Amino acid sequence: MKASRILTCVVAAATVLMISLVGYGGSGAGNPIAHAASRPYAGQTVSALIAYPSPPASALQQFTKATGIKVKWTNVDWDSLQTKITAAMSAHVYFADVTDVDWSRVGQYHILKWFVPLNKYFSPGSLRSDMPQLSAFTVSGELVGMPFDSSYMVTTINTRDFARAGIKTMPKNFAQYNADLHKLQRSHVNAHPLGIPLAAQEGLSTYWYEVTGALGGQVLSSSLKPQFTSPRSAGYRALAWIVNAYKSGLVPKANIDMSDTDEMQSEMAHNKVSTLFSDYAGQISTIYDVPGTSTVVGQVHYVPTPGQSGTGPNLDNPDGIGIPTTAHHVGAAVEFIRWFTNPRNQARWAGYNGPKNVIVGFPLPSRVSSLNMLVRARKAAQGQELATLLKTRSRPVFPNGPPPNYAAFSAAVNTSIHQAALGSISVSQAIQRIAAAVHS
Amino acid sequence: MREQTSGPPPDDPLQAAASAGVRTWRRPLALPRMRALPYLLVLPLMAVIAVLAVYPTALTFIDSLYHIDLLSPPQTFVGLQNYTDLFSDPDVATSWENTGLYVLFGVVLSTVLALIMALGLRDRFRGRAIMLAILILPWALPAVVEGVTWAWIYDPSFGVLNSLLHSLHVIQSYQLWISGNQVSSIFFIELVQVWQITPLSAVLILASLQTIPPELYEAARVDGATERFTLRSITLPLIRPGLSIAIVQAIVQSMNIFDQVYVLNGNALTGRSILMQTYLTAFANLNFGQGYALSFLVTIATVIVSVGILSFVYRTVEF
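Starting afresh in each chain, residues are numbered from 1 along the sequence in its written order. Think of it this way: whatever chain is written first is A, whatever ligand is written first is 1, and the rest follow in order. Side-chain atom pairs in this predicted model are given and counted only at pLDDT of 80 or more, local residue features only at pLDDT of at least 70, and totals for whole chains, interfaces and linings cover all residues.

(A) Molecular detail of the pairing of strand E10 (residues 300-303) of chain A. Residues and elements named next belong to chain A. Covered by surrounding structure in E10 are Val300 and Tyr302 only, the residues His301 and Val303 on the alternate face being uncovered. By the convention used here, strands pair only if DSSP detects at least 2 bridges between them. Put simply, DSSP H or I for four residues or longer makes a helix, DSSP E for two residues or longer makes a strand, and each gets a number counted from the N terminus. Bridge count between strand E7 (residues 153-158) and E10: 4 bridges; the pairing is antiparallel. Bridging across to E10, Thr156 finds its partner in Tyr302. Think of it as a crowd count around each C-beta: if 20 or more other C-beta atoms lie within 10 Å the residue is buried, if 12 or fewer it is exposed, and in between it is partly exposed, with C-beta placed from the backbone throughout.

Here it is as C-alpha cells:
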C-alpha cells in the first residue's frame, strides 16, 4: 500500500513535470529548453571558404539570429581554392568548415574521402525532383556536396544577326546550326560568328563535352572508358568540329587565347560573335540584356540545344558546397548548407526579394521550386524555358560521376584541343593524347 | 683620464695595464671569442635558412624517392623511379626547354634594361627620387595582377599593343602575341616578368655604381678615355658584385615563373614552365612523389645555374 502510494506520487510528480514542460514548450521561443534544442550549435562559427561572392550581410545576420551560428565567409579564387583543398586535405589539416565542391572533382573526393557524405543529413531521393543537378554531386550513391546554384550549358543566339543573314527559323539540329554559321559568315553579317574559348583551360573542356553531348554521345562510358577514339564517335566529331571551326575562321582568331566563358560572353555581349553553342544558362538577364555591359540588349535568346537529330542535352555545370572531413563544426556546417540551399533563399540569391538580396553573379537557383518562384514573379528572363530545360534536358557530363583523375584528364583535353586548333598536332593525335590521359 | 699608480710595475703586463687604468682583454681568451663572433652573428640567419630552405629541400628529396600518388596508394619506396619517369615524360622535357628560354630572355633583357636604367639614374638630377619611386612600382605588384594587366595589353582583339602598333602602321592587322608559337609565346610572357624584375636589378646595379669613386672617372677623362671605354673598362668591371646578384635574382625568378604563364597561357604546352608542370603533376594529377622529384630538380638546377653565373661574373672589388 505504502509502495503503491509512493509510486503514485512519483508518477503524479512526473506527470506534472511533463505537463509543465510541454506547456513551457508551447510558449515557443521563450522556452529556454526548446530554444536550446532548436539552436544546438549556437556560439559556433562556421568558416566558409568559397570561390563565390558572399550572400548579403543582412541575410547572414538573419541566419546567425535564428541559429546562433556565426558565418565567416571568405571568397577566394577558384584555382587557389582547389590547390588549398588538395594541400590541406592531403595533409589532413583543417582549413574550413564548408567549402566548394566542384562537380568535376567529385569522383576524386569520393575516392579520397575528403568530404563528409551528406546522405544522412539530406535525402537525395526526395530532393532529386526539386534539385535535378544533385546527381552531379553523387558518386556510387554518396552525396559528396549539395548544389547551391544551377548552371547548365545552353545555346544562345543573336536572333537579330540570324535574321539579317536571312535565317528565318532557329536551328533545330546540329547540321542546320553548322549551316547557319556558314551562312552568317558568307552574308558578312559576322565574319566570325561562333564563340569558343580556345585557351588551354577548363572552359574549352566544357565546350567539348557539350558539343559531344549534342552529337549524341558522351565522353566516357559509365565504367570511365573513352568513347571518343573512333572517328565516327560523337567525341571525335565534336573535337574535329571545334578545330575546324577555328581553322576555317568561324571563330575569331583571338579566341585561341580566350581563357574562359566570361571573355566569350563579353564577345557575345559586344556582338563580336553571333552565337555561343555552349553558354551558361541565366546570362541573358545578367549580361546580354544589361545595357551597361551589352550592345545586344533584347537580341540574344536561348534555343534548344541543336542536337544530332533534334534537341540535344544541356550539360550540368553547377556549383556545389560540402563539408571537408577535417571540419571542426560539422553540425553547424550542415545547418548552414541547409539554410543556404533552402528554396526561399535560393530564389532570394537570384533576385526574388530585389537587388539588395542577391548574390552577385548568381546564375540560377539549384531548385526547380525556386526557379518557379522567380518565373511567377517575372524575375528571370526566359525563366519558363530555363525551368523546362533544368527539369527535362539537363544531364551530368559523367552519368556515374567524373573520373577520379578528372583534373589530369581535363588538362589533357584542353591542352590537346588547343594544340590541334593551333595546328601543332592533328585531330587524331589530340584524340590519342586524351585517351592516353584516361588510361593513365 | 688615465689613473696614475705608484710603486713598481707588476710582472704581468695585463695586470700592469689594468692597474694603469687601461681597459684590456686577456689575449688567450680574446682570440677564440673574436673568431667565433662572425659565426655567432650569422648563426640566426643560418638557422632560419636551415629551417626554411635546407630542411624542406632534404625532406623533398627523401619524399621524391617514394611513390606518393593519392589516387594510387599505398606509399612505397621506389628509389629513383620518379626521376627516371620524369626524364622520359615529353611534357616535362618541353617544360624544361621552355624554362630555358624563359631564363635566357629574362636574364638578358632584365640585365640590359636594368643597366641602362641604373646608368640613367646614377647622376643626381631634378626628379630623380620620383623616378626611382616610379621605377620600383612594377616590382611591388603581384605577378597575377601583372598577368591580368598584360593580358589586356596583349589582347588580340582590342589590346593596347595591337592598337598602338596598328595606328603607327608597324603592323597591318591585329596580331596574336601569345599562343602563336613557342618562342614568341615565351618571349611575350617573359616580357611581363622582365617588367617586374628589372626594377630590383636596376636598384642593385645602381647601388654598385654609386660605390665607384668619381676620381676614377676623372682620371679616365683626363687620360682621354671615351664613354664606351669608360663603361667597358671601369664601370662594368667594378659593378660585378651588384651585376652578379642582379643576374642571379633574374635567374631565380625566371626559372620559377608561374603566375604570368598561368594567366596568359593556361595549361598550353607552348609556354608551360617547369614550375607549372610541377604544379600540374602534384596538384592536378595528385602524383606528389613525381611532384617532389620535379621540385627537387628545379631547386638543383636553380642552384647550379646561379652558382655557375656567380663564379663567372662575381669578383671581389676593393677600392
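(B) Region of interest: unusual backbone geometry. Along the chain, Pro73 of chain B connects to Pro74 of chain B via a cis peptide bond; the corresponding omega equals 5°. Of note, Pro74 of chain B is situated in the loop between strand E1 (66-67) and strand E2 (76-77). Even without being a glycine, His92 of chain A presents a positive backbone phi close to 55°. Turning to its location among the elements, His92 of chain A is positioned in the loop between helix H4 (78-90) and strand E3 (98-102). For His92 of chain A, a count of 9 C-beta atoms within 10 Å corresponds to the exposed category. Of note in the backbone geometry, His188 of chain A takes a positive phi value of approximately 60° without being a glycine. Mapped onto the elements, His188 of chain A comes out in the loop between helix H8 (174-186) and strand E8 (194-195). Accessibility expressed as a C-beta count within 10 Å gives 9 for His188 of chain A, which makes it exposed.

(C) Region of interest: the sheet that holds strand E2 (residues 70-75) of chain A. Residues and elements named next belong to chain A. The strand order E2-E1-E3-E14-E6 describes an open sheet built from 5 strands, whose pairing is mixed. In this open sheet, the two strands that pair with only one neighbour each are E2 and strand E6 (146-147). Examined bridge by bridge, E3 and strand E14 (residues 319-322) share 4 bridges and lie antiparallel to one another. When the bridges of E14 are listed, Asp102 appears paired with Asp319.

(D) Broad picture of helix H8 (residues 182-209) of chain B. In this scheme, the bend at a residue equals the angle between the axes fitted to the seven residues that finish there and the seven that begin there. Taking the largest bend as the criterion, H8 of chain B deviates by roughly 35°, centred on Ile197 of chain B, and proline Pro199 of chain B comes between one and four positions later. Burial runs high along H8 of chain B: 20 of the 28 residues are buried.

(E) Layout of the sheet that holds E8 of chain A. Residues and elements named next belong to chain A. What the 4 strands build is an open sheet, ordered E8-E9-E7-E10; its pairing is mixed. Either end of the sheet is taken by a strand with one partner, and the two such strands are E8 and E10. Where E8 lies against strand E9 (residues 275-280), 2 bridges are found, and the strand directions are parallel. Across the sheet, the residue bridging to Leu194 is Thr275, located in E9. Lying over the sheet, helix H9 (residues 202-214) contacts E7 and E9, oriented at roughly 110° with respect to E9. Our contact criterion uses C-beta atoms placed from the backbone: two residues qualify when those atoms are within 7 Å. Note on geometry: axes are C-alpha line fits, over the in-contact stretch for helices, and angles between N-to-C directions span 0 to 180 degrees.

(F) Just the environment of Ser205 of chain A, in detail. All names here are of chain A. Structurally, Ser205 can be placed in helix H9. Among the residues examined, Ser205 registers 24 C-beta atoms within 10 Å and is labelled buried. Along the primary structure Ser205 and Ala411 are separated by 206 residues, whereas in three dimensions their C-alpha atoms are 8.1 Å apart. When near neighbours in sequence (up to four residues on either side) are disregarded, Ser205 contacts Ser410, Val413 and Asn414.

(G) Structural detail: the confidence of the model for chain A. All names here are of chain A. What pLDDT reports is the predictor's confidence in each residue, on a scale of 0 through 100. Of all residues in chain A, 92% attain a pLDDT of 70 or more, and the chain-wide mean is 88. The low-confidence segment residues 1-5 (pLDDT under 50) makes 0 contacts with residues lying over four places distant or belonging to another chain. Considering only residues more than four positions removed or in separate chains, one finds that residues 7-32, a stretch of pLDDT under 50, has 5 contacts.

(H) Spotlight on the domain arrangement of chain A. Residues and elements named next belong to chain A. Structurally, chain A comprises domain 1 (45-150 + 318-391) and domain 2 (153-315 + 405-439). Listed by contribution, the elements that provide at least two residues to the side of domain 1 that touches domain 2 are helix H5 (106-112) and helix H16 (383-393). The dominant element in the side of domain 1 that touches domain 2, judged by the number of residues it contributes, is H16, at 3 residues. Following the grouping adopted for this structure description, the nonpolar residues are Ala, Val, Leu, Ile, Met, Phe, Trp, Tyr, Cys and Pro, the charged ones are Asp, Glu, Lys and Arg, and the polar ones are all others, Gly among them. Within the side of domain 1 that touches domain 2, the residues separate by chemical class into 6 nonpolar, 4 polar and 2 charged. Throughout, the edges of the domains are those of an automatic or database domain assignment.

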